[in-house]
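Residues per chain, in single letters:
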Amino acid sequence: MSSPLTTQSGNEKKALEILKKVKRYLQKNATSKMFKTFVKLALYVQDEEVSKSVLSEFSLSVFDQDGIKEFVKLQDLYGASWCVALISYWIVEKPYHSYSYSLAQKDFNQLVMRLREAGAEPAVISYLLNYQINHTIESHKQFLRSTPAELSRSLNDRMETLNSLLKACDLHRDASMTEKLVQHVISSSLLYPEPALSNIILETHVSMEGSYVSGYDLLREYVINGLLKEMDKGLREPEDVSIQATFQCQCPLCKTANAFLKSKTEKNKIWPIVERDRDHVIERFRRLGLPVAISVEKKGSPYKLVILKSDKLYQMDKERFDLLTKNYEKLAKIESSKSVR
Ligand SMILES: [Zn+2]
């Protein structure tokens, strides 16, 4: 080691005393940038208890802040289970520094790669990966309470996160974690619709080989069935302007709006209703995020609520349907080549 502290031997006891005192300071002031310095001290004193006690004042965010190499040095001196105990302390005691704040969720696979390259032991990576999977599952479930519009706006983020976790499992060659993730995915089709899943499987997880792939086999089969079901519903007729969505509210206004949405021929609705009713209907439309334009025509009494269905309903449906078909064909091809082998 080359730090000035270590040029002279025999100071370990003094350093140990300093470290014990410094813990109180760190409780208020620890930042990830200070991690390097304190790892040096922890390595110098060679005392498991004191080192853990001092470093416990940091948080998971050290992994984002260039602390990976330092962490692996700790592992080499104190062992993997000591490291896992430290991480688990951070997870339980430092909720304010949790991943959602500090560690990028969308490139967790990058973190796993850097840990592997730095020489982190599988037990350490497994612990972090398992935590991240549980954390992601819990945070994605929160979306089930949001509106359909929010659910669809957040879809890309969810898919990117899922994709990075699957890649992380691939890197780590951990079939049990892939399966855990896949079981969650196939039990929540609202969160992960099959067409979106088909994109990520085709993009990156096609060429998985060996005994390790059972999670992917399960996922692929699930997606193929989902796509088939969607394709069975067929493509709408070009002149069909119905929108498949339902307001859950049972009031007469929403019943009228539902009938308008379902109608295959009614494209526009001009609806003279009072402000309170207009606000209610507008709010319901916003929650669903539908392809309609809504405006208020400020003439007459009451004013008119004007609802126009998009001109592109057929075009959008055709694009969606073509993509479904294309992805289905690609997946079915992979499936049949697998069964031949
Ligand atoms: Zn209503």
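Calculation notes
- Residues numbered from 1 in each chain as written.
- Predicted model: local features only at pLDDT ≥ 70, side-chain atom pairs only at ≥ 80, totals over all residues.
- Pairing = 2+ DSSP bridges.
- Helix = DSSP H or I, 4+ residues; strand = E, 2+ residues; numbered from the N terminus.
- Axes fitted to C-alpha atoms, helices over the stretch in contact; angles between N-to-C directions.
- Core = buried A, V, L, I, M, F, W, Y, C linked by C-beta atoms within 7 Å.
- Buried ≥ 20, exposed ≤ 12 C-beta atoms within 10 Å, placed from the backbone.
- Contact = placed C-beta atoms within 7 Å.
- Parallel < 35°, antiparallel > 145°, perpendicular 65-115°, else oblique.
- Left-handed = near helix turned anticlockwise from the far one by under 90°.
- Nonpolar A, V, L, I, M, F, W, Y, C, P; charged D, E, K, R; others polar.
- pLDDT = per-residue confidence, 0-100.
- Arc of directions from axis to C-beta.

Draft legend 1. Just the sheet that holds strand β1 (residues 268–272), in detail. Across the sheet, three strands lie side by side as β1-β3-β2; this open sheet has antiparallel pairing. Taken across any chain shown, the strands that pair with only one partner, and hence form the sheet edges, are β1 and β2 (292–297). The average angle at which neighbouring strand axes cross in this sheet is 15 degrees, direction not considered. Note: β1 against strand β3 (residues 304–309), five bridges, orientation antiparallel. By the bridge assignment, W271 is partnered in β3 with L305.

Draft legend 2. Fine view of the pairing of β2. The pairing of β2 with β3 spans six bridges and is antiparallel. Following the sheet pairing, I294 is matched in β3 by I307. Counting the residues between successive antiparallel strands, the hairpin from β2 to β3 contains six residues, one of them, G300, with a positive phi of roughly 75 degrees.

Draft legend 3. Representation of the nonpolar core. Core analysis: the largest hydrophobic core is formed by 48 residues, its most contacted members being F38, A42, L129, L165, C169 and L181. Dropping the residues within four chain positions of it, L129 is found in contact with V112, A168, C169, H172, D174 and M177. Counting residues in hydrophobic clusters, the runner-up holds seven residues, among them A257, L261, F285 and I307.

Draft legend 4. Molecular detail of the packing of helix α2 (residues 35–45) against helix α4 (residues 68–78). Two numbers describe how α2 lies on α4: the axes approach to 10 Å, and their chain directions differ by 15 degrees. In terms of orientation, α2 lies roughly parallel with respect to α4. In this structure, α2 meets α4 at a crossing whose hand is left-handed. Two secondary-structure elements touch here, α2 through F35, K36, V39, A42 and L43 and α4 through E70, K73, L74 and L77. Taken together, the residues that form the contact of α2 with α4 break down as six nonpolar, no polar and three charged.

Draft legend 5. Spotlight on the environment of T31. As for its placement among the helices and strands, T31 is situated in the loop between α1 (12–29) and α2. For T31, a count of 12 C-beta atoms within 10 Å gives the class exposed. Considered as a pair, T31 and F58 are 27 residues apart in the sequence and their alpha carbons are 6.8 Å apart.

Draft legend 6. Structural context of the confidence of the model for the protein. Predicted confidence across the protein gives a mean pLDDT of 87, with 89% of residues reaching 70 or more. Low confidence marks residues 97–102, where pLDDT is under 50. Its contacts with residues over four positions away, or in another chain, come to 13 contacts.

Draft legend 7. Molecular detail of unusual backbone geometry. Cis peptide bonds are those with omega within 30 degrees of zero, and the linkage from S301 to P302 qualifies with -5 degrees. Within the secondary structure, P302 sits in the loop between β2 and β3. Phi is positive for Q46, close to 50 degrees, though the residue is something other than glycine. For Q46, the location among the structural elements is in the loop between α2 and α3 (48–55). We note that R173 has phi near 50 degrees; this positive angle belongs to a residue other than glycine. Assignment of secondary structure puts R173 in the loop between α9 (155–172) and α10 (175–186).

Draft legend 8. A look at the environment of W90. Residue placement: W90 occurs in helix α5 (residues 80–93). We classify W90 as buried; it has 22 C-beta atoms within 10 Å. Separated by 30 residues in sequence, W90 and L60 place their C-alpha atoms 6.2 Å apart. The residues contacting W90, other than those within four sequence positions of it, are S59 and L60.

Draft legend 9. Highlighting the packing of helix α13 (residues 252–262) against helix α14 (residues 275–288). Across the interface, α13 lies against α14 with an axial gap of 10 Å and an inter-helix angle of 50 degrees. Considering the angle they form, α13 stands oblique to α14. Of the two possible hands of crossing, α13 and α14 adopt the one that is right-handed. Here L253, C254 and A257 of α13 come into contact with α14, specifically with D277, H280, V281 and R284.

Draft legend 10. Examining helix α6 (residues 108–118) more closely. Of all the positions in α6, only F108, N109, L111, V112 and L115 are classed as buried. Along the axis of α6, the buried positions cluster into a sector of 155 degrees, meaning they face one direction only. Structurally, α6 contributes buried residues whose contacts are with α4, α7 (122–141) and α9. The positive-phi residue at the C-terminal boundary of α6 is G119, with phi of around 100 degrees.

Draft legend 11. Molecular detail of the environment of R24. Secondary-structure assignment places R24 in helix α1. Looking at R24, the number of C-beta atoms within 10 Å reads 10, which means it is exposed. Taking the C-alpha atoms as reference points, R24 and E57, separated by 33 residues in sequence, lie 9.1 Å from one another.

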